[in-house]
Amino acid sequence: MRVLHLDINHPLIIEQFNALGFKNDEDYTASKKEIEEKLHLYDGIIIRSRFTIDKTFLDKATNLKFIGRLGAGLENIDTAYAKQKGVFLASAPEGNRNAVGEHALGMLLALFNKLNTADKEVRSGKWDREGNRGVELDGLTVGIIGYGNMGKAFAKKLRGFDVDVICYDILGGVGNEDARQVGILELQQRTDVLCLHVPQTELTIGMINKDFISKFHKPFWIINTARGKCIKTTDLVEALEEKKILGAGLDVLEYEKTSFENMFVNTNMPEAFQYLINSDKVLLSPHVAGWTVESKIKLAQTIVDKVKAKFC
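This report concerns the structure included in the present document. Not measured: the values here are computed from a predicted model. (Residues numbered from 1 in each chain as written. Predicted model: local features only at pLDDT ≥ 70, side-chain atom pairs only at ≥ 80, totals over all residues. Heavy atoms only, no water.)

**Section: the pattern of salt bridges**
Across all of its chains, the model carries 22 salt bridges by this definition. Here the salt bridges share partners, and the residues they tie into one network are Asp164, Arg180, Glu186 and Arg190. (Salt bridge = Lys/Arg side-chain N within 4 Å of Asp/Glu carboxyl O.)

**Here we look at the environment of Ala30**
Mapped onto the secondary structure, Ala30 falls in the loop between strand E2 (23-26) and helix H2 (32-36). Each C-alpha atom, one on Ala30 and one on Thr62, is 19 Å from the other, the two residues being 32 residues apart in sequence. Residues in contact with Ala30, not counting those within four places in the same chain, are Ile35, Arg50 and Phe51. (Helix = DSSP H or I, 4+ residues; strand = E, 2+ residues; numbered from the N terminus. Contact = heavy atoms within 4.5 Å.)

**Section: the sheet that holds strand E10 (residues 220-224)**
Read across the sheet, seven strands follow the order E8-E7-E6-E9-E10-E11-E12 without closing on themselves; strand pairing throughout is parallel. Every other strand in the sheet has two partners, leaving strand E8 (180-181) and strand E12 (282-284) as the edge strands with one partner each. The sheet contact formed by strand E7 (residues 164-168) and E8 spans two bridges and is parallel. Of the residues in E8, the one forming a bridge with Ile166 is Arg180. (Pairing = 2+ DSSP bridges.)

**Brief notes about the state of the cysteines**
Inspection of every chain in the model, using the stated rule, returns zero disulfides. Free cysteine Cys195: the closest other cysteine sulfur is in Cys167, separated by 12 Å. (Disulfide = S-S within 2.5 Å.)

**Quick notes on the packing of helix H1 (residues 12-19) against helix H12 (residues 293-311)**
At their nearest, the axes of H1 and H12 sit 9 Å apart, and the two run at 25° to each other. Relative to H12, the element H1 is oriented roughly parallel. Two packed elements cross with a definite hand, and for H1 against H12 that hand is right-handed. Residues Leu12, Ile13, Gln16 and Phe17 of H1 form the contact with H12, whose own contacting residues are Ile297, Ala300, Gln301, Ile303, Val304 and Val307. (Axes fitted to C-alpha atoms, helices over the stretch in contact; angles between N-to-C directions. Parallel < 35°, antiparallel > 145°, perpendicular 65-115°, else oblique. Left-handed = near helix turned anticlockwise from the far one by under 90°.)

**Details of the side chain of Arg48**
Tracing the backbone through its elements, the reader meets Arg48 in the loop between strand E3 (44-47) and helix H3 (55-60). Given a relative accessible area of 16%, Arg48 falls into the buried group. At a separation of 2.4 Å, a polar atom in the side chain of Arg48 contacts the main-chain carbonyl oxygen of Ile8. One polar contact links Arg48 to Asn9, side chain to side chain, over a distance of 3.5 Å. (Buried < 20%, exposed > 50% of the residue type's maximum accessible area, 1.4 Å probe, protein only. Polar contact = N/O pair within 3.5 Å; in protein donor to acceptor, adjacent residues only side chain to side chain.)

**Comments concerning the sheet that holds E3**
If you walk across this open sheet you meet the five strands as E2-E1-E3-E4-E5, and the pairing is parallel. Because the sheet does not close on itself, it has two edges, and the strands there are E2 and strand E5 (88-90). Across this sheet, the average inter-strand angle for adjacent strands is 15°, counted without regard to direction. The pairing of strand E1 (residues 2-5) with E2 spans four bridges and is classified as parallel. Its bridge partner lying in E2, Arg2 is registered against Lys23. Contacting E3, strand E4 (66-69) and E5, H12 runs over the sheet at an angle of about 155° to E5.

**Remarks on the pairing of E7**
Two elements, strand E6 (residues 141-145) and E7, share five bridges in a ladder whose sense is parallel. What sits directly across from Ile145, in E7, is Tyr168.

Such coordinate-based values are descriptive only and should not be taken to indicate function.
Encoded structure:
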């Protein structure tokens, strides 16, 4: 097996592939066109989000047997065409689910307790105890949309709180001891805190929009550590202004490039994003929910284990 590594990952992935007898080549700088010219040499590709692996790219990879993506989703890969060509696809949601669950909980508690605002004010010499009075999570209903690896990890983190956790998923029978599965109408009726843990698909792009928000029976908080395009930002801003949404913790943004390494698709800062960065009701982080020291190791190990189980 000859494997081409297109993104820098934890060294264990190359070390363990070497131990399996694989030949490993690294190319972290060549253009997509340059990579395509040598794809026929490789049995496997390891990538995060550097390129979109489309039909043209896959047609060049005439000997390709597997693609390992060190991340939760496969949205940068034409999965249907890859499967049609018999390419084994391995992603690694198991590798960073704990990190995502912890980050989502951290964002929620920081919002509830106004930690970001309080920190800035104290550093500037302002001591406003009443203005930074927080609210408690206990007694609320947390609704999770998407109850796979990430949703389950987040629900598990809530075990120590006196909360009712419900989940909605397009698949049936995914609820467990940490969350009761409900229909979308009950989720919208009861939710105080909404957390998104869905992949980016045609069904989820723009799913949190004005119409969807209007169907919630009470104002709610929202946490998104999934994909930025799941929320229509202009509609989020309108809901924040109208207090239909009380606060938002956003690790991901609609305006991110598909590589996730840079923020904007173009150089213009959207007006809605200007609102987000100036709002004390919004907490932002740069797509790092699954980006911990530990998850870097776990992601690499997960891909090694899946490739090994399939081919060795």
